[in-house]
Amino acid sequence: MSAAAHTPSQPDPAPWDPVARDPRWWESDTGIVDLSHRDLQEADFAGHSLQRARMTGSNLQRARLARADLAEADLFGADLGRADLQNANLTRAILRGTSLAGANLNNAILVEADFRGGVMMRPGPHRDAGQARMGIDVSDLSNCLLDYANAARAQFSGVDLSGASLVGADLSGANFFGSNLRDADLSYANLSGANLSDARLIGTRLVGANLSRAQIVNATVEKAVAAGADFSGAVLRGVAPDGFESRIRLVAPADFAPELAAAIAGHRAWMQSDGAAGRPLALAGLALPWHDFSGLDLDGADFTGCDLRGSRFDRASLLLAGFSRATLTGAGFAGARIAGCRFAGAGLRWADFTGAVPGRLRIYSGNGSFSGRHQPTDFTGAVLDAAIFADFDLDSCLR
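Residues numbered from 1 in each chain as written. Predicted model: local features only at pLDDT ≥ 70, side-chain atom pairs only at ≥ 80, totals over all residues. Heavy atoms only, no water.

Colleague: Just checking my understanding: could you explain the overall build of the protein for this structure?
Modeller: When you go through the protein residue by residue, the secondary structure sums to three helices and twelve strands. Within the protein, buried positions represent 48% of all 399 residues. Partitioning the contacts of the protein with sequence separation of at least 6, the portion at a separation of at least 24 is 22%. Taken as a whole, the protein presents about 18,400 Å² of accessible surface, with 49% of it coming from carbon and sulfur. (Helix = DSSP H or I, 4+ residues; strand = E, 2+ residues; numbered from the N terminus. Buried < 20%, exposed > 50% of the residue type's maximum accessible area, 1.4 Å probe, protein only. Contact = heavy atoms within 4.5 Å. Areas by Shrake-Rupley, 256 points an atom, 1.4 Å probe, with all protein chains shown as cover.)

Colleague: Is there a simple way to think about the pattern of salt bridges in this case?
Modeller: It is possible for side chains of opposite charge to pair when their charged atoms get near one another. One pass over the full model with this rule turns up eleven salt bridges. Measuring nitrogen to oxygen at the nearest pair gives 2.8 Å for the salt bridge that ties aspartate 307 to arginine 309. Owing to a relative accessible area of 17%, aspartate 307 belongs among the buried residues under this scheme. What you see here is one network of salt bridges that share partners, running through Asp147, Asp307 and Arg309. (Salt bridge = Lys/Arg side-chain N within 4 Å of Asp/Glu carboxyl O.)

Colleague: How do you make sense of the environment of histidine 291 when you look at a structure like this?
Modeller: Looking at the secondary structure, you find histidine 291 in the loop between α3 (258-272) and β11 (361-364). For the pair formed by histidine 291 and proline 253, sequence separation is 38 residues and the distance between their alpha carbons is 7.8 Å. In this view, histidine 291 contacts Val251, Phe256, Leu260, Ser311 and Arg312; residues no more than four positions away in its chain are not counted. Of the polar contacts made by the side chain of histidine 291, one reaches the backbone oxygen of proline 289; its length is 2.8 Å. (Polar contact = N/O pair within 3.5 Å; in protein donor to acceptor, adjacent residues only side chain to side chain.)

Colleague: Whenever I open this one, the nonpolar core confuses me. Can you help?
Modeller: One broad rule of soluble globular proteins: the nonpolar side chains tend to lie buried together. Ranked by internal contacts, the top residues of the largest apolar core, which has 65 residues, are Leu105, Leu110, Phe156, Leu171 and Leu191. With residues near it in sequence (within four places) discarded, leucine 191 still touches Leu171, Phe176, Leu186, Leu206, Ala209, Asn210, Leu211, Ser212 and Ala214. One finds Ala301, Ala316, Leu318 and Ile338 within the second-largest nonpolar core, a separate group that totals 34 residues. (Core = buried A, V, L, I, M, F, W, Y, C linked by side-chain atoms within 4.5 Å.)

Colleague: Can you help me understand α3 in this one?
Modeller: Every α-helical turn comprises 3.6 residues, leaving residues that sit three or four positions apart pointing alike. Along its 15 residues, α3 runs 21 Å from first to last C-alpha, staying within 8% of the 21 Å computed at 1.5 Å per residue. Residue aspartate 274 follows α3 closely and has a positive phi angle near 55 degrees. (Expected span 1.5 Å × (residues − 1).)

Colleague: Sorry, what's going on with the environment of arginine 64 here?
Modeller: You can see arginine 64 is positioned in the loop between β2 (32-33) and β3 (118-121). For arginine 64 and alanine 43, which are 21 residues apart along the polypeptide, the C-alpha to C-alpha distance reads 6.2 Å. Ignoring sequence-local partners within four residues, the contact set of arginine 64 consists of Glu42, Ala43, Asp44, Phe45, Ala46 and Asp84. Reaching out from arginine 64, the side chain makes a polar contact with the backbone oxygen of glutamate 42 at a distance of 2.8 Å.

Colleague: I keep staring at the confidence of the model for the protein and nothing clicks. Help me out?
Modeller: Segments scoring low in pLDDT should not have their predicted coordinates read at a detailed level. Across the protein, the average pLDDT comes to 90, with 87% of residues at or above 70. When pLDDT is averaged over each element of the protein, strand β5 (residues 200-202) comes out on top at 98 and strand β1 (residues 26-27) at the bottom at 50. (pLDDT = per-residue confidence, 0-100.)

Colleague: I tried to follow the side chain of asparagine 175 on my own but got confused; where do I start?
Modeller: On the secondary structure map, asparagine 175 appears in the loop between β4 (133-136) and β5. Residue classification places asparagine 175 among the buried residues on the basis of a relative accessible area of 18%. Beyond its immediate sequence surroundings of up to four residues, asparagine 175 is in contact with Ala154, Gln155, Phe156, Ser157 and Asn195.

Colleague: Where do I start with unusual backbone geometry in this structure?
Modeller: Only a minority of non-glycine residues have a phi that is not negative, and only a minority of peptide bonds are not trans. Of note in this structure, asparagine 107 is not a glycine but carries a positive phi near 65 degrees. Among the structural elements, asparagine 107 can be located in the loop between β2 and β3. When its relative accessible area of 34% is taken as the criterion, asparagine 107 is described as partly exposed. Despite not being glycine, tyrosine 148 shows a phi value in the positive range, around 60 degrees. Tracing the sequence through the fold places tyrosine 148 in the loop between β4 and β5. The exposure class assigned to tyrosine 148 is buried, which follows from its relative accessible area of 18%.

Colleague: Which parts of the structure should I look at to understand the environment of serine 294?
Modeller: Checked against the element boundaries, serine 294 lands in the loop between α3 and β11. Between the alpha carbons of serine 294 and phenylalanine 333 there is a distance of 8.4 Å; along the sequence they are 39 residues apart. Apart from residues no more than four positions distant in its own chain, serine 294 is found in contact with Arg312, Phe313, Asp314 and Arg315. Polar contacts involving the side chain of serine 294 include one to the side chain of aspartate 292, which spans 2.6 Å.

Colleague: What is the right way to look at the packing of aromatic side chains in this model?
Modeller: The way to describe two aromatic rings as a pair is by their centre distance and the angle between their planes. For the structure on display, the rule yields 23 aromatic pairs. Consider the rings of phenylalanine 343 and phenylalanine 379, whose centres lie 5.1 Å apart with planes at 5 degrees: the pair is stacked. Within this pair, whereas phenylalanine 343 is found in the loop between α3 and β11, its partner phenylalanine 379 is found in the segment after β12 (370-375), the two being separated by 36 residues in sequence. Across this residue pair, the class does not change: phenylalanine 343 and phenylalanine 379 are buried. Among the aromatic residues, those joined into a ring-pair cluster are Phe256, Phe293, Phe303, Phe313, Phe323, Phe333, Phe343, Phe353, Phe379, Phe389 and Phe392. Directly above the aromatic system of tryptophan 290 lies the positively charged group of arginine 205, at a separation of 4.0 Å from the ring centroid. Cation over ring: arginine 349 sits above tyrosine 148, and NZ or CZ is 3.7 Å from the ring centre. (Phe/Tyr/Trp six-rings, centres within 6.5 Å; stacked < 30°, edge-to-face > 60°. Lys NZ or Arg CZ within 6 Å of the ring centre and 35° of its normal.)

Colleague: What is the right way to read the side chain of serine 311 from this model?
Modeller: Mapped onto the fold, serine 311 is located in the loop between α3 and β11. A relative accessible area of 0% places serine 311 in the buried class. For serine 311, the side chain forms a polar contact with the main-chain oxygen of leucine 288, separated by 2.9 Å. Here serine 311 is in contact with Leu288, Pro289, Trp290, His291, Phe293, Ala331 and Gly332, once residues within four sequence places are set aside.

See the structure below:
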């Protein structure tokens, strides 16, 4: 055997840190980092202080920027597609002409950030006009996540936000003039004083949203669901009178995706045969918003980490079901049997537990004997802001 075979393996290299490892990128006179026009795909800037940094025209696709301080940073024309910007501080950041398609900005601070489209010519020699161009005419925030972000007074004028999720976001005083909000979810968002004039609100969800004093002039409004929304003092001119729907549209069991319907049927067979047939429902991590599971027998089902915002489980049987770390904003559990359910770390803002039946259940071992342990309905670490617990025995949830 060669000597090389006995050489101990080298430790994995430390995560690449361009800010710390290349001081040439820092401007010594100002202390501002300049990362403009660089390929920084998947770079790790998580937690870094990058205030007023210059990152214009850079490729930051799938970059890790969670918790980074990017206040007043210049990201003009940058590509941040699918980047992780959770809890990042982008106060008054310049994000004009950027692509943030599929990016995660949940809980980010975006106060007075500027997302409007923009194009400029790059300095220096270029082979053709395409290389010289930086930015895009319509900033792309399609399918991005902005849940519970603070984007007060931010500039979204003309931006593509189709399919984006802005649930519970603070968008007070924000400017959405001419923006595309087709199929976006702004449920429970604060849009007080926002400008939505000339915006496209087609299939947009505004359930429980605060639209007081909002400007909604000449907007294209079709099948926008605004059940429970507050329009007090709002200005609605040139808007189709039937454009806003007061009824929440849910995906009925008959319309479930074939894979979901088959999985529920398999769970039913597993329950009815005491485990001899079928298999338990395991949907961990799936996106199933606005689905109607009311009245179904889903004991022991696993919904860990699922996106179930707005879904209904009214009168369902959910004994020992797992909802840990699930997104359940505005979900309904009225009259449901939830003894032994695990909601640890779940987001339950505006969820409705009216008349739900919690409690402790015995845990049995594989041979059917009592293990001596009990599983209570567990809300440890759950976010319960504005959740409804009418006619609900919270004491039974204590361990």
